[in-house]
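As a plain string of letters, each chain reads:
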Amino acid sequence: MQQNINIKNKRARFDYEILDTYTAGIVLGGTEIKSIRLGKANISQSFCEFNSKGELFVINMNVDEYSHGSYYNHKPKAERKLLLNKRELKKLRKEVTTSGLTIVPLNLFINDRGLAKVNIGLAKGKKLYDKRETMKDRDNKRNLSRIKKNFNN
């Protein structure tokens, strides 16, 4: 009965080189999870930050207001806490502070049990020439697949 929700951040893999990925739970209110189940979320401009207590939050994630929610509705761009093991949080915090890496959400999905999860990636920013190389590789793969398809026919 439940439809498959998988909201992707397509910009993340273009702008960043992903070094490591983690799956994190996310703390949501009632109208937030209902809105995500309808597919009304956007993570394209979002990123993750640690607060002073060492907790990881996703910033700038847009979850549209639930259409049937009354005055109990949530704020669309609120900071939302991510749930990871203490060991993983320590490792991520160390990498971010020492190496200058960034944590970006890659996709938001609903698992088998109906819980919202976020795949986050420890990422290093790409330079302009890296982006050009990525586009060139993608074009070459596309052209190669076209040639193979025409050759087989």
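Preceding block: the structure.
As a starting point, this report considers the structure included with it. For clarity, every value in this text was computed on a predicted model and none was experimentally measured.

1. Comments concerning the nonpolar core
Inference 1: Formed by 27 residues in total, the largest nonpolar core has its most connected members in Leu56, Leu82, Leu84, Leu92, Ile103, Leu108 and Ile120.
Inference 2: By residue number, the principal contributor to this core is strand 9 (residues 116–125), which donates four residues.

2. Considering the pairing of strand 8 (residues 102–110)
Inference 1: Counting buried residues along strand 8, eight of its nine residues qualify, which places the element largely inside the surrounding structure.
Inference 2: As paired elements, strand 8 and strand 9 share eight bridges and run antiparallel to each other. Within the sheet, the bridge partner assigned to Ile110 lies in strand 9 and is Ala116.
Inference 3: The hairpin turn running from strand 8 into strand 9, its antiparallel successor, is five residues long, and Gly114 in that turn takes a positive phi close to 90 degrees.

3. Focus on the pairing of strand 9
In the case of a regular strand, side chains alternate between the two sheet surfaces.
Inference 1: Along strand 9, seven of the ten residues are buried, which leaves the element largely enclosed by surrounding structure.
Inference 2: As paired strands, strand 2 (residues 16–26) and strand 9 are joined by nine bridges and run antiparallel to one another. What sits directly across from Gly25, in strand 9, is Lys117.

4. A word on the environment of Gly39
Inference 1: Along the chain, Gly39 turns up in the loop between helix 2 (30–37) and strand 3 (41–42).
Inference 2: The class for Gly39 is partly exposed, based on a relative accessible area of 36%.
Inference 3: Sequence-wise, Gly39 and Asp64 are 25 residues apart; in three dimensions their C-alpha atoms are separated by 9.2 Å.
Inference 4: Once residues within four sequence positions are removed from consideration, Gly39 is found in contact with Ile5 and Ile7.

5. Describing the pattern of salt bridges
Inference 1: Counting across every chain of the model gives six salt bridges.
Inference 2: Residue Glu32 pairs with Arg80 through a salt bridge whose shortest N-O separation is 3.0 Å. Pair noted here: Glu32 is in helix 2 and Arg80 is in strand 7 (residues 80–83), with a separation of 48 residues, a long-range link.
Inference 3: In this structure Arg80 comes out as buried when scored by relative accessible area, which is 1%.

Rules used throughout
- Residues numbered from 1 in each chain as written.
- Predicted model: local features only at pLDDT ≥ 70, side-chain atom pairs only at ≥ 80, totals over all residues.
- Heavy atoms only, no water.
- Core = buried A, V, L, I, M, F, W, Y, C linked by side-chain atoms within 4.5 Å.
- Buried < 20%, exposed > 50% of the residue type's maximum accessible area, 1.4 Å probe, protein only.
- Helix = DSSP H or I, 4+ residues; strand = E, 2+ residues; numbered from the N terminus.
- Pairing = 2+ DSSP bridges.
- Contact = heavy atoms within 4.5 Å.
- Salt bridge = Lys/Arg side-chain N within 4 Å of Asp/Glu carboxyl O.

Bear in mind that shape data such as this cannot, by itself, settle questions of function.
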